[in-house]
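# Structure at a glance
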Amino acid sequence: MNLLEEIKEAKRIGIAGHVRPDGDCVGSCLALYKYLQNARPDASIKVYLEPVTAVFSFLYGYEDLDSTFAADEPFDVFIALDAGDSERLGDARELFLAAGKRLCFDHHLSNTGYADKNEIKPEASSTCEVLFTHFEKEYIDQDVAKALYTGIVHDTGVFQYSCMSRETFGIVGELIGYGFDAAKIISESFYEKTYVQNQILGRALLESILFMDGRCIASCIDRRMMDFYGVTSEDFDGIVNQLLVTKGCEVAIFMYQTGTLEFKVSMRSKGNVNVAEVASYFKGGGHARAAGCTMMGTYRDVINNLSKHIEKQLS
Ligand code: AMP
Ligand code: MN
Ligand code: MN
């Protein structure tokens, strides 16, 4: 897809990413925001996202993010980023559907191509990588580069996961050439934790359980615990990845309570189990090694239901 060609006539352009925005989602939305401002100074560009943690406030355009999801009139073009299906756009979905033309850039295997024009690259590390390959160099500046770099850092676990390819490393090299403090982005947006975030991580590890002969590990934080530590879902980043480093574990499950008998489930796999398949069965989605869904029942019910599907793949 030729992005600038697709938006040539557009005067009003909307951008949105998925609900509970992560680093790749925020990075891709803000990179595209600045890129379009550079390439199309005559157009009005708006970015809609659910409230974004202040961890990303160093990125250009953070203050301009709109979480009200209000628009005076339909957009000429609306661009969905890092969202595998239109439901994942949350309150931005209506703005997306009402637009004159809909575009999508994504890297989710489960993406079925719900826009008018789609650029879906499951082999790409991140939506930021997909965007970079569609950007014209003359409109990339340091702000754009920084945002793309941030997204890649977050979706690759700091260049670590198997989704890192030779192309990704090449792109990272080019981005670093724009001269920002790359090490600072890694330490402050990825690794840094508040005191309570570390406490809740410790608690989740302490209460984790091993099952399926030690090939699965799971942990759950319930409402009571969230209230006790005064934490929200934003504070759970990294817990599921820490669970997965356990020797002998193939799959890690982390869940937190979102309602009475309702849990948000995050799964990670070392590669032998496709957790996207497991999540899809429960109406979620994601990638082979990182996926999520929302499930009903008690902690025990959820683990039992997930186990059945994980076991099928492990045996
Ligand atoms: P998480 O475990 O929330 O960090 O998500 C891991 C991956 O799965 C990300 O790529 C998410 O976009 C995707 N994902 C998480 N929850 C859902 C869901 N309910 N539906 C579809 N995809 C999801
Ligand atoms: Mn994402
Ligand atoms: Mn992503």
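Rules used throughout
Here the residue index of a chain counts from 1 through its sequence in written order. Following the order in which they are written, the chains are lettered starting with A and the ligands numbered starting with 1. Restriction of local features to residues with pLDDT of at least 70 applies here, the model being predicted, together with a cutoff of 80 or more for giving and counting side-chain atom pairs; totals for whole chains, interfaces and linings are based on all residues. Water and hydrogen atoms play no part in the side-chain values, which are based on all heavy atoms of the structure. Metal sites are built from N, O and S donor atoms within 2.8 Å, or 3.2 Å for Na, K and Ca, and they leave out water, so they may look incomplete. Note on conventions: DSSP H or I runs of at least 4 residues are helices, E runs of at least 2 residues are strands, and numbering of each starts at the N terminus. Here's how the labels work: a residue is buried when its accessible area is under 20% of the maximum for its type, exposed when over 50%, partly exposed in between, all with a 1.4 Å probe on protein chains only. For each residue, the test is whether any non-hydrogen atom lies within 4 Å of the molecule or strand; if one does, the residue is near. Polar contact is the term for a pair of N or O atoms within 3.5 Å; when the atoms are in protein, one must be able to donate a hydrogen and the other to accept it, and sequence-neighboring residues count only if both atoms are side-chain atoms. Methods summary: accessible areas were calculated by the Shrake-Rupley approach with a probe of 1.4 Å, and residue burial reflects only the protein chains presented. Polar here means any residue other than Ala, Val, Leu, Ile, Met, Phe, Trp, Tyr, Cys and Pro, which are nonpolar, and Asp, Glu, Lys and Arg, which are charged; Gly is therefore polar. To estimate the expected span of a helix, subtract one from its residue number and multiply by 1.5 Å. Read the arc as the range of directions from the helix axis to the C-beta atoms. What makes two residues a contact is simply this: any of their non-hydrogen atoms within 4.5 Å. Structural elements are reduced to axes, namely lines fitted to C-alpha atoms, with helices fitted over the stretch in contact, and the angle between N-to-C directions of any two is expressed from 0 to 180 degrees. Between 65 and 115 degrees an angle is taken as roughly perpendicular, under 35 as roughly parallel, over 145 as roughly antiparallel, and anywhere else as oblique. Two helices that cross are described as forming a left-handed crossing if the nearer one is turned anticlockwise from the farther one by less than a right angle, and a right-handed crossing if clockwise. Domain boundaries shown here were taken from an automatic or database domain assignment. Accessible-area loss on putting two parts together, using a 1.4 Å probe and summing over both, is the definition of buried area adopted here. Counted as salt bridges are all cases of a side-chain nitrogen of Lys or Arg within 4 Å of a carboxyl oxygen of Asp or Glu.

In this section: the coordination of the manganese ion (ligand 2). At this site the manganese ion (ligand 2) is bound by His18 (NE2), Asp22 (OD), Asp22 (OD) and Asp82 (OD), with donor distances of 2.1 to 2.7 Å. All donor residues of the manganese ion (ligand 2) come from one chain, and their arrangement in sequence is H-x3-D-x59-D. The metal-metal distance between the manganese ion (ligand 2) and the manganese ion (ligand 3) is 3.6 Å, with Asp82 serving as a donor to both. With Asp22 in the loop between strand S1 (12-16) and helix H2 (23-39) and Asp82 in the loop between strand S3 (77-81) and helix H3 (93-98), the pair connects residues that are 60 residues apart, well separated along the chain. Owing to a relative accessible area of 30%, Asp22 belongs among the partly exposed residues under this scheme. Looking at Asp82, the relative accessible area reads 2%, which means it is buried.

Lining the immediate environment of ligand 1, one finds 13 residues, of which Arg88, His108, Ser266, Arg268 and Gly285 sit closest. A distance of 3.1 Å separates an oxygen atom of ligand 1 from a polar side-chain atom of His287. At 3.4 Å, a backbone N or O of Gly292 approaches an oxygen atom of ligand 1. For ligand 1, whose free accessible area comes to 470 Å², the fraction covered by protein is 80%. For the shell around ligand 1, the secondary structure elements donating two or more residues are strand S9 (262-269), strand S10 (285-286) and strand S11 (290-296). Grouping the amino acids of the shell around ligand 1 by side-chain chemistry returns 3 nonpolar, 7 polar and 3 charged.

The next subject is the coordination of the manganese ion (ligand 3). Protein ligation of the manganese ion (ligand 3) involves Asp24 (OD), Asp82 (OD), His107 (NE2) and Asp155 (OD), the donor distances falling in the range 2.1 to 2.3 Å. Between the donor residues of the manganese ion (ligand 3), the gaps in sequence give the motif D-x57-D-x24-H-x47-D.

This part is about helix H8 (residues 195-206). In this model H8 runs 17 Å from its N-terminal to its C-terminal C-alpha over 12 residues, within 8% of the 16 Å that 1.5 Å per residue would give. All of the buried residues in H8 are Gln197, Ile200, Leu201 and Ala204. Taken down its axis, H8 places every buried residue within 105° of arc, on the same side. Away from the buried face of H8 by more than 90 degrees, exposed residues Tyr195 and Leu206 are located. Those residues of H8 that are buried are in contact with strand S7 (216-221), helix H9 (223-229), helix H10 (239-244) and strand S8 (251-259).

So, on to the packing of helix H5 (residues 142-155) against helix H7 (residues 182-191). Packing of H5 against H7 leaves a shortest axis separation of 10 Å and a crossing angle of 50°. Between H5 and H7, the angle falls in the class oblique. Crossing hand, H5 versus H7: right-handed. Contact with H5, carried on its side by Lys146, Tyr149, Thr150, Val153 and His154, involves Ala182, Ile185, Ile186, Ser189 and Phe190 of H7 and no other residues of that element.

Per the domain assignment, the segments of the protein chain are domain 1 (3-191) and domain 2 (195-314). The straight-line distance from the C-alpha centre of domain 1 to that of domain 2 is 27 Å. For the pair domain 1 and domain 2, the summed buried surface comes to about 700 Å²; carbon and sulfur atoms form 44% of the total. Of all residues in domain 1, the largest losses of buried area upon contact with domain 2 belong to Arg20, Leu109 and Ser162, amounting jointly to 49% of the total for that side. On the surface where domain 1 and domain 2 come into contact, there are 0 salt bridges. Linking domain 1 with domain 2 are 4 residue pairs in polar contact (both at pLDDT 80 or more), by the criterion used here. Looking at side-chain class alone, the side of domain 1 that touches domain 2 contains 2 nonpolar, 5 polar and 1 charged residues.

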